[in-house]
Amino acid sequence: EAGVVQSPRYKIIEKKQPVAFWCNPISGHNTLYWYLQNLGQGPELLIRYENEEAVDDSQLPKDRFSAERLKGVDSTLKIQPAELGDSAVYLCASSLSQLDTQYFGPGTRLTVL
Amino acid sequence: GNSVTQMEGPVTLSEEAFLTINCTYTATGYPSLFWYVQYPGEGLQLLLKATKADDKGSNKGFEATYRKETTSFHLEKGSVQVSDSAVYFCALSAPDTGRRALTFGSGTRLQVQP
């Protein structure tokens, strides 16, 4: 069974540029999460989806971050414009339902210059 | 709110040494507790979990017991190997409080020397 797929694995951009990350969850997983992991820290939730509905986005900086999960499968996380402080690893995770074990993708490492 | 505190690393051990990584938590309700491991260049992998008090999670020689009285979930292994070198994260979820996402500790890096 394929795991959670994320792309790109690495991205380097200049500040003020836009950037997008893509996530394909495990087949059949209804719940999808985006986490932010700063260097030397544990991941922190940005947004959680139940199917196509964002049910917890309280930690998402909505002035520059946006996310979507069309058709309740793949998801895209976007930053526009990027700032230096956005340099981090962006992790996607999925689970069968909101009460089940979360499985993580390899992450996208973003560097903003 | 919910929080997880882990011992700071790095933890450096010789092969076959005994490992303990301390984890304590603060949460309302009845959280589930997890240990995730992150090997270099890879994503987080679930190592073990426990969903109620006194449960013991175990996998690959690692164990952790959910201690409600001390709000702890310490990770142990009797004999570490070089291949266990990684960053270990303690985490909790508290679905009965509506907080279904994981709350992570800051991670503990383990280095095992041959």
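A brief report on the enclosed structure follows. What you see is a predicted model; the values in this text were computed from it and never measured.

1. Comments concerning the sheet that holds strand 8 (residues 62–65) of chain B
Residues and elements named next belong to chain B.
- Pairing in this open sheet of four strands is antiparallel, and the strands run 3-9-8-7 from one edge to the other. At either margin of the open sheet sits one strand with a lone partner, and together these are strand 3 (19–21) and strand 7 (56–59). Between one strand axis and the next, the sheet turns by 15° as a mean value, whatever way the strands run.

2. Some thoughts on the pattern of salt bridges
- Counting across every chain of the model gives seven salt bridges over all chains.
- One salt bridge in this structure joins E83 of chain A and R64 of chain A, with 3.3 Å as the shortest N-O distance. Residue E83 of chain A is located in the loop between strand 8 (75–79) and strand 9 (88–95), and its partner R64 of chain A is located in the loop between strand 6 (53–56) and strand 7 (65–68); the two are separated by 19 residues in the primary sequence.
- With a relative accessible area of 42%, E83 of chain A lands in the partly exposed category.
- By relative accessible area, which is 14% here, R64 of chain A ends up buried.
- Across the pair D84 of chain B and K77 of chain B runs a salt bridge, and its minimum N-O distance is 2.7 Å. With respect to burial, D84 of chain B and K77 of chain B carry one shared label: buried.
- Several salt bridges converge on common partners, so that one network encompasses R64, E83 and D86 of chain A.

3. Quick word on the sheet that holds strand 7 of chain A
Residues and elements named next belong to chain A.
- If you walk across this open sheet you meet the four strands as 1-3-8-7, and the pairing is antiparallel. Two strands bound the open sheet, and with one partner strand each, they are strand 1 (5–7) and strand 7. On average, each strand axis in the sheet is inclined to that of its neighbour by 15°, with strand direction left out of account.
- Sheet topology places strand 1 next to strand 3 (residues 19–24); three bridges connect them, and they run antiparallel. Bridge pairing links Q6 to C23 in strand 3.

4. Describing the packing of aromatic side chains
- Evaluation of the coordinates by the stated rule reveals 11 aromatic pairs over all chains.
- Pairing F21 of chain A with Y90 of chain A gives two aromatic rings, centres 4.8 Å apart and planes at 25°, and the pair type is stacked. Here Y90 of chain A lies in strand 9 and F21 of chain A lies in strand 3, a separation of 69 residues in the sequence.
- Exposure remark for Y90 of chain A: the relative accessible area of 1% places this residue in the buried category.
- Taken together, a centroid distance of 5.6 Å and an interplanar angle of 40° make the contact between F62 of chain B and Y88 of chain B tilted. Taken as a pair, F62 of chain B in strand 8 and Y88 of chain B in strand 10 (residues 86–94) lie far apart in primary sequence, 26 residues in all. Across the pair, exposure class does not vary: F62 of chain B and Y88 of chain B are buried alike.

5. A few points about the nonpolar core
- Of all hydrophobic cores here, the largest spans 26 residues; its most connected members are L19, W35, L47, L48, F73, L75 and Y88 of chain B.
- Elements that contribute at least two residues to this core include exactly strand 2 (11–14), strand 3, strand 4 (23–26), strand 5 (32–38), strand 6 (44–50), strand 8, strand 10 and strand 12 (108–113) of chain B.
- Of the residues forming this core, the biggest block, four residues, is contributed by strand 10 of chain B.
- When sequence neighbours within four positions are dropped, the list of residues in contact with Y88 of chain B reads Q6, I21, W35, Y36, V37, L47, F62, L75, G107, T108 and L110 of chain B.
- Listed in part, the 22 residues of the second largest apolar core include I26, L60, F65 and A88 of chain A.

About the cut-offs
- Residues numbered from 1 in each chain as written.
- Chains lettered and ligands numbered in written order.
- Predicted model: local features only at pLDDT ≥ 70, side-chain atom pairs only at ≥ 80, totals over all residues.
- Heavy atoms only, no water.
- Pairing = 2+ DSSP bridges.
- Helix = DSSP H or I, 4+ residues; strand = E, 2+ residues; numbered from the N terminus.
- Axes fitted to C-alpha atoms, helices over the stretch in contact; angles between N-to-C directions.
- Salt bridge = Lys/Arg side-chain N within 4 Å of Asp/Glu carboxyl O.
- Buried < 20%, exposed > 50% of the residue type's maximum accessible area, 1.4 Å probe, protein only.
- Phe/Tyr/Trp six-rings, centres within 6.5 Å; stacked < 30°, edge-to-face > 60°.
- Core = buried A, V, L, I, M, F, W, Y, C linked by side-chain atoms within 4.5 Å.
- Contact = heavy atoms within 4.5 Å.

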